[in-house]
Amino acid sequence: MYAQEVKTPSSRLRSRSDMCEQECAFQDKLDAGTKIEPKDWMPDAYRKTLVRQISQHAHSEIVGQLPEGNWITRAPTLERKAILLAKVQDEAGHGLYLYCAAETLGVSRDDMTADLLSGRAKYSSIFNYPTLTWADVGAIGWLVDGAAIMNQVPLQRCSYGPYARAMVRVCKEESFHQRQGFDIMRVLANGTEAQRAMAQDALDRWWWPSLMMFGPPDDASVHSAQSMAWGIKQDSNDELRQKFVDQTVPQSDFLGLKIPDPDLIWNDDEQHYDFGAIDWHEFYDVIAGNGPCNAERLGARCNAWSEGAWYREGLKAHSDKQRLDRKAA
Ligand code: FAQ
C-alpha cells in the first residue's frame, strides 16, 4: 500500500534459472564487484529501483534544508550562523549531485521535480517534524545526520557507479554535519539548567523519528531483498538501525542526556543494545502525508518553484541567446 513500482519479497527473488543470458551476465558482474555504469545494459527493474531510491534521496536532501533553514536567522552567535548556513548549503549540493546521478539513468530533473511537487514522490519521513528550539538544530546534526551517515557509508559501495561516487563526497560532508550537531548538544548539555532541559527535550522529540529514518522493519521492507541481491543496499534496514543505536547510546551518555526509551538496555550476550518498540503506525502516517509538517514542507517547495520561474526563464533566455550568437559567429 505504501510502496511504489518494484516490490520483491525474498521468496520471489529471481533464481539464475529464471534469468535470460543477459541478466545472468549482469548478475555475474555484480557478484564480481564490478560497478555498473550508465551506458551498461541493466534490467529495467534495476534501473527503476535506482531511480526511485536516488530521486527520493535527492528530494530528502532538498526538503531537508527546510527544518534547519528555519533557524539560520535566529542562530545564537555569528559563528553558529555561518556554520549552519554552510551546512544547509551542503544539503542543497547533495541534492544536486543526486539528481545528476539519477539523470544518468535516463530520467529528467524536471520530471523528478514534478513528482516531488505533486506529492507523488517520497522524501525522508524525518523532515516532516518541526524545529521548535535551537537545540533541534543540534539534534538534527547529531541524530539525523548521524543516521544518514550510517545509511550512506555502505552506499559508497553501491553497485551503480554514479550513485556510489556521489556518496563519497556526501559522506565526508555529513561527518562534519554530525559533529557540528553534537557540538551544539555538548554546549547546551553543559550549559544552564534551561539549556540542558532544551537539549533533553530535543532528544526526546527526535529520537524515535530518527530510528524510523532507516525504513520499515526487515519483514515489512518490500524492496530490501532485491536491492541487496543487486548490491544497491549492502545492509538491511534493521541492521543499520541497530548499528545506529549502538553507536549513539554512548554518545548520549557522554552528554549526560537520557534516551527516551524505558526498554533500552545493554544485552551482553548479543553485544548490542535492545530497544523498545517503534511506533510504525506513526511512520506510515507520516509517509502517507499526515505528519506534523508534510503540508508546510511541500508548500514551501511549491512556492520556491513558482517564485523561481523568472530566474529559470532568464537562464534559458541567456543560453538561447548565446547559442544564437555562436551560430551567427
Ligand atoms: N521516509 O522497502 P523499503 C539525509 C519507504 S538523507 C520515507 O525498506 P528501501 C541527509 C520506501 O521508500 C535521508 N519513506 O524501501 C540530511 C518505500 O516506499 P516506495 C534520506 C520511507 O528503498 C540530513 C517503502 O517505504 N536518505 O537525511 C522511509 O529498500 C539533515 C518501503 O520501504 C536516503 O534516502 C523513510 N524514512 O529502503 C539532509 C538514503 N523508509 O519507494 C538534510 C537512500 C522507507 O516503494 C538535513 N535510501 N520508506 O514508495 C535508502 O537507503 C532506502 O531507500 C531506505 C528505504 C533505507 C530509506
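Basis of the calculations
Residues numbered from 1 in each chain as written. Predicted model: local features only at pLDDT ≥ 70, side-chain atom pairs only at ≥ 80, totals over all residues. Heavy atoms only, no water. Helix = DSSP H or I, 4+ residues; strand = E, 2+ residues; numbered from the N terminus. Rg over C-alpha atoms; globule rule 2.2 N^0.38 Å. Buried < 20%, exposed > 50% of the residue type's maximum accessible area, 1.4 Å probe, protein only. Areas by Shrake-Rupley, 256 points an atom, 1.4 Å probe, with all protein chains shown as cover. Lys, Arg positive; Asp, Glu negative; His and termini not counted. Charge placed at Lys NZ, Arg CZ, Asp CG, Glu CD. Near = heavy atom within 4 Å. Polar contact = N/O pair within 3.5 Å; in protein donor to acceptor, adjacent residues only side chain to side chain. Core = buried A, V, L, I, M, F, W, Y, C linked by side-chain atoms within 4.5 Å. Contact = heavy atoms within 4.5 Å. Phe/Tyr/Trp six-rings, centres within 6.5 Å; stacked < 30°, edge-to-face > 60°. Axes fitted to C-alpha atoms, helices over the stretch in contact; angles between N-to-C directions. Parallel < 35°, antiparallel > 145°, perpendicular 65-115°, else oblique. Left-handed = near helix turned anticlockwise from the far one by under 90°. Nonpolar A, V, L, I, M, F, W, Y, C, P; charged D, E, K, R; others polar. Patch = residues over 30% accessible without salt bridge, like charges linked within 9 Å, V, L, I, M, F, W, Y side chains within 5 Å. Salt bridge = Lys/Arg side-chain N within 4 Å of Asp/Glu carboxyl O. Expected span 1.5 Å × (residues − 1). Bend = angle between axes of the 7 residues up to and from the residue. pLDDT = per-residue confidence, 0-100.

Draft legend 1. The arrangement of the overall build of the protein in detail. Broken down by element type, the protein carries 13 helices and 2 strands. Scaling as 2.2 N^0.38, a compact globule of 329 residues should have a C-alpha radius of gyration of about 20 Å, and the protein matches this with 21 Å. Along the three orthogonal principal directions, the C-alpha set of the protein runs to about 65 × 60 × 35 Å. With 329 residues in all, the protein has 48% of them scored as buried. Of the roughly 16,500 Å² that the protein leaves accessible, carbon and sulfur atoms contribute 54%. Averaging the locations of the 37 positively and 47 negatively charged side chains of the protein gives two centres separated by 8 Å.

Draft legend 2. Region of interest: the site of the ligand. Near the ligand there are 39 residues, and of these Gln 56, Lys 122, Ser 221, His 223 and Lys 233 occur at the shortest range. Interatomic distance of 2.8 Å between a backbone N/O atom of Ser 125 and a nitrogen atom of the ligand. Between the ligand and Asn 237 there is a distance of 2.8 Å, counted from an oxygen atom to a side-chain nitrogen or oxygen. In isolation the ligand exposes 1,100 Å². Once the protein is present, 96% of that is buried. Broken down by secondary-structure element, the contributors of at least two residues to the shell around the ligand are helix H2 (44-63), helix H4 (78-103), helix H6 (134-155), helix H7 (161-189) and helix H11 (280-290).

Draft legend 3. Expanded view of the nonpolar core. Formed by 73 residues in total, the largest nonpolar core has its most connected members in Tyr 46, Ile 54, Tyr 160, Tyr 163, Trp 206 and Trp 207. By residue number, the principal contributor to this core is H6, which donates 11 residues. Those residues within four positions of Trp 207 in sequence are excluded, and the remaining contacts are Leu 143, Phe 244, Val 245, Thr 248, Ile 259, Pro 260 and Asp 261.

Draft legend 4. Region of interest: the packing of aromatic side chains. Per the counting criterion, the structure on display carries 13 aromatic pairs. Taken together, a centroid distance of 4.9 Å and an interplanar angle of 75° make the contact between Phe 26 and Tyr 46 edge-to-face. Taken together, the residues Phe 26 in helix H1 (residues 21-31) and Tyr 46 in helix H2 connect sequence positions 20 residues apart. Across the pair, exposure class does not vary: Phe 26 and Tyr 46 are buried alike. Between Phe 283 and Tyr 284, the ring centres sit 5.1 Å apart and the planes meet at 70°, which makes this aromatic pair edge-to-face. Connected via pairs of aromatic rings, a cluster forms that spans Phe 26, Trp 41, Tyr 46 and Trp 230.

Draft legend 5. Quick peek at the packing of H6 against H7. At a minimum axis separation of 7 Å, H6 and H7 run at an interaxial angle of 150°. When the axes of H6 and H7 are compared, the pair comes out roughly antiparallel. Here H6 runs over H7; the crossing is left-handed. Among the residues forming the contact of H6 with H7, the class breakdown is 18 nonpolar, 9 polar and 2 charged.

Draft legend 6. How the structure looks around a nonpolar patch on the surface. A contiguous nonpolar patch, built from Trp 310, Tyr 311 and Leu 315 and spanning about 400 Å² of accessible area, is present on the exposed surface. Along the polypeptide, Trp 310 turns up in helix H13 (residues 309-328).

Draft legend 7. Just the packing of H6 against helix H8 (residues 193-212), in detail. Their axes nearest at 9 Å, the elements H6 and H8 cross at an angle of 35°. The crossing of H6 and H8 is right-handed. The residues of H8 that touch H6, namely those facing Trp 134, Ala 135, Asp 136, Ala 139, Ile 140, Trp 142, Leu 143, Val 144 and Ala 147, are Met 198, Ala 199, Ala 202, Leu 203, Arg 205, Trp 206, Trp 207 and Ser 210.

Draft legend 8. Examining H6 more closely. The first and last C-alpha atoms of H6 sit 31 Å apart over 22 residues, in line with the 32 Å expected at 1.5 Å per residue. Taken as a whole, H6 carries its principal kink of about 35° at Ile 140. With respect to burial, H6 is a largely interior element, 20 of its 22 residues being buried.

Draft legend 9. Local environment of the confidence of the model for the protein. The predicted model of the protein averages 94 in pLDDT, with 96% of residues at 70 or higher. Below a pLDDT of 50 lies the segment residues 1-8, which in the model reaches 24 contacts outside its immediate sequence neighbourhood of four places, other chains included.

Draft legend 10. Expanded view of the environment of Glu 313. The residue Glu 313 is located in helix H13 in this model. Residue Glu 313 is classed as exposed on the basis of its relative accessible area of 55%.

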